[in-house]
Amino acid sequence: MAAIFTMSIMQSALELGCIYALVAIALYISFTLLNIADLSTDGCFTLGCAVGAMVTLAGHPILAFFAAMAAGVCSGFVTAFLQTKMGVPSILAGIIVNTGLYTVNLAVMGFSSNINLYSCDRLFSMAKEISDNEIYRDWYEFGVVLAIVLVVCLALAWLLGTRLGLSIRATGDNEHMVKASSINPGRMITAGLCISGSLTALSGAVLGQYQKSCDINFGTGQVTIALASLVIGNTLIRKGGMFRRILGVVLGSCLYRFIAAFALRLSLPAESMKLVSAVIVAAAIALPYLKEKAGLTQRKLRVGR
């Protein structure tokens, strides 16, 4: 086991797990709270990475995150507009936006498929320069990512406890009840998808600075990865307050990265990671059902005896 999980692999899994946890949290808002299958995640992730990379190249590494979040809000707004004002089903709306964002992302990147950030300042390089502690110098990237994720978790837990957040959650539970309470469900869907889009784009911007590059294909498969992390997190932590549930999603994302790292260390080819992701998602979704069926079978056996 020590040979499989070295310190560097564990560190990388934690860092990537926290970065991709932002996408899983975004999916938690759209998929779990609003009960909407938002398939624009892949394109929105690349949009955040592209916008963040371009602003970083312009010499504003911190402003890049806010610019990426603003771009994600625009993506979420368009997706919500198609659903609430144009009558497009949620799945088709996400597919349409995701398809259109491919050209938008290319345009943002100057019609180049790749952007290099090695020669410019990044938040991670700035954090490394101000560190004098030898231990922190080995974990400064994880410290930066963890700080961003904790701020997002605290802010989101607070927001979902406000009147706006409760209205968003109620819209996903029962849209007709929300209408009867004089709350516009279309506005709540728009607000929820805008928040979800901003977190997805923020994750893309953080990944771009973390990996010192931006690629047009960075967002491919993000829905699958985020869904796996979300299901694993919900399986581990089902009850508790909103902050506890959000932390469960982060934990699920990190655990997914450990599983993926374990698969790679078993000499599986990198090309098989899509299959590994699909298997993880299927297993995570089926696990609660199988547990319930196993418990029911055991009860039947007891009654039969």
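Residues numbered from 1 in each chain as written. Predicted model: local features only at pLDDT ≥ 70, side-chain atom pairs only at ≥ 80, totals over all residues. Heavy atoms only, no water.

K.L.:
Where do I start with the side chain of D38 in this structure?
P.N.:
Take D38: it is sitting in the loop between α1 (7–33) and α2 (41–57). Overall, D38 belongs to the buried group, its relative accessible area being 8%. In this structure, D38 is in contact with L27, S30, T79, G94, L193 and V223, ignoring residues within four places of it in sequence. (Helix = DSSP H or I, 4+ residues; strand = E, 2+ residues; numbered from the N terminus. Buried < 20%, exposed > 50% of the residue type's maximum accessible area, 1.4 Å probe, protein only. Contact = heavy atoms within 4.5 Å.)

K.L.:
I'm lost on the nonpolar core in this one. Help?
P.N.:
A general feature of soluble globular proteins is that nonpolar side chains tend to end up buried together. Counting 64 residues, the largest nonpolar core has I25, I148, L156, V206 and L207 as the members making the most contacts within it. Of all the secondary-structure elements, those providing two or more residues to this core are α1, α2, α3 (63–84), α5 (123–129), α6 (134–160), α9 (185–211), α10 (222–236) and α11 (242–265). A per-element tally of this core places α1 first, with 14 residues. The contact partners of I148, leaving out residues within four places of it in the chain, are L22, L123, L202 and V206. (Core = buried A, V, L, I, M, F, W, Y, C linked by side-chain atoms within 4.5 Å.)

K.L.:
Would you explain α10 in this entry?
P.N.:
Quick reminder: α-helices carry 3.6 residues per turn. Residues three or four places apart thus point the same way. Under the 1.5 Å per step criterion, the end-to-end length of α10 is 21 Å for 15 residues, consistent within 8% with the ideal 21 Å. For α10, a buried count of 11 out of 15 residues is recorded, marking the element as mostly surrounded by other parts of the structure. Looking at α10, one finds that the buried residues are Q222, V223, I225, A226, A228, S229, L230, V231, I232, G233 and T235. (Expected span 1.5 Å × (residues − 1).)

K.L.:
Would you explain α2 in this entry?
P.N.:
Between its first and last C-alpha atoms α2 spans 24 Å; for 17 residues at 1.5 Å apiece the expected length is 24 Å, and the two agree. Burial runs high along α2: 15 of the 17 residues are buried. Positive phi appears at G59, one or two residues downstream of α2, with a value of about 100°.

K.L.:
Is there a simple way to explain the environment of S253 in this structure?
P.N.:
In this structure, S253 sits in helix α11. Residue class for S253 comes out buried when judged on its relative accessible area of 1%. It is 7.8 Å that separates the C-alpha atoms of S253 and A228, two residues lying 25 residues apart in sequence. Setting aside residues up to four positions removed in sequence, S253 forms contacts with G17, Y20, A21 and S229. A polar side-chain atom of S253 sits 2.6 Å from the main-chain carbonyl oxygen of G17. (Polar contact = N/O pair within 3.5 Å; in protein donor to acceptor, adjacent residues only side chain to side chain.)

K.L.:
Looking at this structure, how should I read the environment of V206?
P.N.:
Position of V206 among the secondary structure elements: in helix α9. Along the backbone, V206 and V145 are 61 residues apart, and their C-alpha atoms lie at a distance of 7.9 Å. Sequence-distant contacts of V206, defined by excluding residues within four places in its chain, comprise I19, F65, F124, V145 and I148.

K.L.:
Would you explain the packing of aromatic side chains in this entry?
P.N.:
The way to describe two aromatic rings as a pair is by their centre distance and the angle between their planes. Under the counting rule described, the total for this entry stands at four aromatic pairs. Where F77 meets F81, the ring centres are 6.4 Å apart and the plane angle is 25°; that geometry is what we call stacked. Of this pair, F77 and F81 both sit in helix α3, four residues apart, roughly one helical turn. Here W139 and F142 contribute two aromatic rings whose centre-to-centre distance is 5.9 Å and whose plane-to-plane angle is 75°, an arrangement assigned as edge-to-face. With W139 and F142 both in helix α6, this residue pair falls three residues apart, about one helical turn. F142 gets classed as buried once you look at its relative accessible area, which sits at 17%. (Phe/Tyr/Trp six-rings, centres within 6.5 Å; stacked < 30°, edge-to-face > 60°.)

K.L.:
Could you clarify how one ought to interpret unusual backbone geometry in this entry?
P.N.:
Glycine aside, a negative phi is what most residues show, and trans is what most peptide bonds show. We note that F111 has phi near 55°; this positive angle belongs to a residue other than glycine. Assignment of secondary structure puts F111 in the loop between α4 (90–108) and β1 (114–116). F111 gets classed as exposed once you look at its relative accessible area, which sits at 63%. Positive phi is not limited to glycine here, since S182 has a value of about 65°.

K.L.:
Would you mind going over the packing of α3 against α9 with me for this structure?
P.N.:
Two quantities define a packed helix pair, namely the angle between the helix axes and the distance between the axes. With their axes 6 Å apart at the nearest point, α3 and α9 run at an angle of 145° to one another. Relative to α9, α3 is oriented so that their crossing is right-handed. Contacts between α3 and α9 pair A64, F65, A68, M69, G72, V73, G76, F77, T79, A80, Q83 and T84 from the former with G186, I189, T190, L193, C194, G197, S198, A201, L202, A205, V206 and Q209 from the latter. (Axes fitted to C-alpha atoms, helices over the stretch in contact; angles between N-to-C directions. Left-handed = near helix turned anticlockwise from the far one by under 90°.)

K.L.:
Help me understand a nonpolar patch on the surface, please; the structure alone is not making it clear to me.
P.N.:
A cluster of nonpolar side chains, namely L39, I91, L92, I95 and I96, defines an oily patch on the protein surface of about 410 Å² accessible area. Mapping L92 onto the fold places it in helix α4. (Patch = residues over 30% accessible without salt bridge, like charges linked within 9 Å, V, L, I, M, F, W, Y side chains within 5 Å. Areas by Shrake-Rupley, 256 points an atom, 1.4 Å probe, with all protein chains shown as cover. Salt bridge = Lys/Arg side-chain N within 4 Å of Asp/Glu carboxyl O.)

K.L.:
In this structure, what is going on with the environment of V108? I would like to understand it.
P.N.:
With respect to the helices and strands, the residue V108 is situated in helix α4. Residues V108 and A147 lie 39 residues apart in sequence; the distance between their C-alpha atoms is 28 Å. Apart from residues lying up to four places away in sequence, V108 is in contact with L47, A50, V51 and M54.

K.L.:
What am I meant to see in the side chain of S229 here?
P.N.:
Here S229 shows up in helix α10. A polar contact of 3.0 Å, which involves the side chain of S229, links it to the backbone oxygen of I225. Contact partners of S229, with chain neighbours within four places excluded, come to A24, V249, G252, S253 and Y256.

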